[in-house]
Amino acid sequence: MRIVLIADTFPPLRSSGAVQLRDLSREFARQGHLLCVLLPAPDQREPWKLEDFDGAQVLRLKAPRTKDIGYVRRTLAELAMPFAMLQNLRKSPLANEQWDGVVWYAPSIFHGPFVSALKKSSRCKGYLVIRDIFPEWAVDMGLMGRGLPYRFFDAVARYQYSVADVIGVQTPGNQQYFKRWKGQPGRELEVLQNWLDKPTQLRCSIRLGKTVLAGRKVFVYAGNMGVAQGMDILLDLAEKMRSRPDVGFLFVGRGSDSARLKAAALSRQLDNTVFFDEIDPNEIPDLYAQCDAGIVALDPRHKSHNIPGKFLTYMQSGLPVLANINAGNDLAQMIRDERVGQVCEANNVDDLLLLTKKLLDQIETDSGLSARCVALFEREFAVEKTVKQIVAALSTTEAERS
């Protein structure tokens, strides 16, 4: 199939979304599809720039800056982004391309007008991959009320949903939110698990043997450190584990809370805790080879279901998980059913401490633990399955239309 993929993150960015979309594009190409990725490029002078990327095309389209600016400017820029991308697409060599399907990735919620225009020009179907439900999660977190800003963002999001023929959510629990959307004829809703490809392995620049964590059982957290993760409880846990000189905690990444968390660890003199800045995603396997368990953290105020990309990287590397997540999250039941770690839904440090000790015992005594992690990844989260599922959904709608 000739497929166009629209997103607002992609390499050289190192975010989990950029890694996911890199892996997805590579797999589309490997399975013989002709894929073009359309991306906004705020730092680009020319209207468009066409690149080859591991068998796919990447067309970067000049658009307003939407990252690392104030909320008002960002909102205005996000509103303008799809129209700027469409205008500059029409100046590019791909202006008159016809597609068999449009796939797009949320976040962002603002791609709707661009997707609608491409669907109409190609008379094709669209598949929306939703990885977070905004603005609902912002309300859950207390970052936004249900006033005018919420109603505005909700209207933008619902317009984007209206453009989709198929929506893929990341867990069964998120299907309830789209029950009303699915009630309209011709719409399909399905679970599309997060995915990951096998990384190109690089030697990791972080060598734990040269840090205070040398020789310890290491719990690693690798990823974004922001308000949505609720990571303060992990420092509380590290403080309670200071009596265990054989255990340490490693935090790798960036985010709005990273500097504050690092400063808090220093002020509390947590000599069992080490922080490093974000590393190349291809260094992650070698980092995890030096560790014993992965940490998943989600703020307890979340009400939606989420399986973070870092969980997939832990499973892929055979690392069991210690998870502190919102109550009722589908991820909790998966961890328990698959027996790949310990999960706390109470957001209580004493409960988390008991589960940490239980996981340490499990690592010592359960010889099949690592193999179960890898098996879960290969069964549920391999990128080959993801591409086949998206193509099947678009092919089904193609057949129905003809």
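Residues numbered from 1 in each chain as written. Predicted model: local features only at pLDDT ≥ 70, side-chain atom pairs only at ≥ 80, totals over all residues. Heavy atoms only, no water.

Chemist: I keep staring at the sheet that holds strand 9 (residues 217-222) and nothing clicks. Help me out?
Modeler: The strands that make up a sheet are held in pairs by hydrogen bonds between backbone atoms, and each pair lies either parallel or antiparallel. The parallel open sheet is built from six strands, whose spatial order is 11-10-9-12-13-14. In this open sheet, the two strands that pair with only one neighbour each are strand 11 (273-276) and strand 14 (341-344). Pairs of neighbouring strands in the sheet enclose a mean axial angle of 20°, with direction left out of account. One ladder, built from four bridges, connects strand 10 (residues 247-252) with strand 11; its direction is parallel. When the bridges of strand 11 are listed, Phe-249 appears paired with Thr-273. In this fold helix 11 (residues 330-338) packs onto strand 12 (293-297), strand 13 (321-324) and strand 14, with an angle of close to 150° to the strand it touches most, strand 14. (Pairing = 2+ DSSP bridges. Helix = DSSP H or I, 4+ residues; strand = E, 2+ residues; numbered from the N terminus. Axes fitted to C-alpha atoms, helices over the stretch in contact; angles between N-to-C directions. Contact = heavy atoms within 4.5 Å.)

Chemist: I'm lost on the nonpolar core in this one. Help?
Modeler: Soluble, globular proteins show a tendency: their nonpolar side chains are buried together. Ranked by internal contacts, the top residues of the largest apolar core, which has 43 residues, are Leu-38, Phe-114, Tyr-161, Ile-167 and Phe-178. Once you skip the residues sitting within four places of it in the chain, Tyr-161 turns out to touch Leu-128, Ile-130, Ile-133, Phe-134, Ile-167, Tyr-177, Phe-178 and Trp-181. (Core = buried A, V, L, I, M, F, W, Y, C linked by side-chain atoms within 4.5 Å. Buried < 20%, exposed > 50% of the residue type's maximum accessible area, 1.4 Å probe, protein only.)

Chemist: What exactly am I supposed to notice about a nonpolar patch on the surface here?
Modeler: Nonpolar side chains collect at one region of the surface, where Val-72, Leu-76, Leu-79 and Phe-152 lie side by side and expose about 360 Å² of accessible area between them. For Leu-76, the location among the structural elements is in helix 2 (residues 71-89). (Patch = residues over 30% accessible without salt bridge, like charges linked within 9 Å, V, L, I, M, F, W, Y side chains within 5 Å. Areas by Shrake-Rupley, 256 points an atom, 1.4 Å probe, with all protein chains shown as cover. Salt bridge = Lys/Arg side-chain N within 4 Å of Asp/Glu carboxyl O.)

Chemist: What is the right way to look at the sheet that holds strand 8 (residues 188-191) in this model?
Modeler: If you trace the eight strands from one edge of the open sheet to the other, you get 3-4-2-1-5-6-7-8, paired in mixed fashion. Unpaired on one side and paired on the other, strand 3 (48-53) and strand 8 mark the two borders of the sheet. Going from strand to strand, the sheet's axes swing by 20° on average, the running direction of each strand aside. Bridge count for strand 1 (residues 2-6) against strand 2 (residues 34-40) is five bridges, and the pairing is parallel. From the neighbouring strand, Ile-6 faces strand 2, where its bridge partner is Leu-38.

Chemist: So what exactly am I meant to see when it comes to helix 13 (residues 369-380) here?
Modeler: Along its 12 residues, helix 13 runs 17 Å from first to last C-alpha, staying within 8% of the 16 Å computed at 1.5 Å per residue. Leu-369, Arg-372, Cys-373, Leu-376, Phe-377 and Glu-380 are the residues of helix 13 that are buried. Angularly, the buried residues of helix 13 cover 135° about the axis, an arc narrow enough to put them on a single face. Residues of helix 13 that are exposed and point over 90 degrees away from its buried face: Ala-371 and Glu-378. (Expected span 1.5 Å × (residues − 1). Arc of directions from axis to C-beta.)

Chemist: Help me understand helix 3 (residues 112-122) in this model?
Modeler: Counting along an α-helix, one turn takes 3.6 residues, and residues three or four places apart therefore face a common direction. Burial of helix 3 is extensive: eight of the 11 residues sit out of reach of the surface. Just downstream of helix 3, Arg-123 is the residue with a positive phi angle, here 50°.

Chemist: Just checking my understanding: could you explain the side chain of Asn-88 for this structure?
Modeler: For Asn-88, the location among the structural elements is in helix 2. Those residues in contact with Asn-88, other than ones at most four positions away along the chain, are Pro-47, Trp-48, Leu-61 and Lys-62.

Chemist: It is not clear to me how the environment of Asp-350 should be interpreted in this structure. Could you clarify?
Modeler: In this structure, Asp-350 sits in helix 12 (residues 349-365). In this structure the C-alpha to C-alpha distance between Asp-350 and Gly-248, which are 102 residues apart in sequence, comes to 17 Å.

Note that all results are geometric; they support no functional claim without further evidence.
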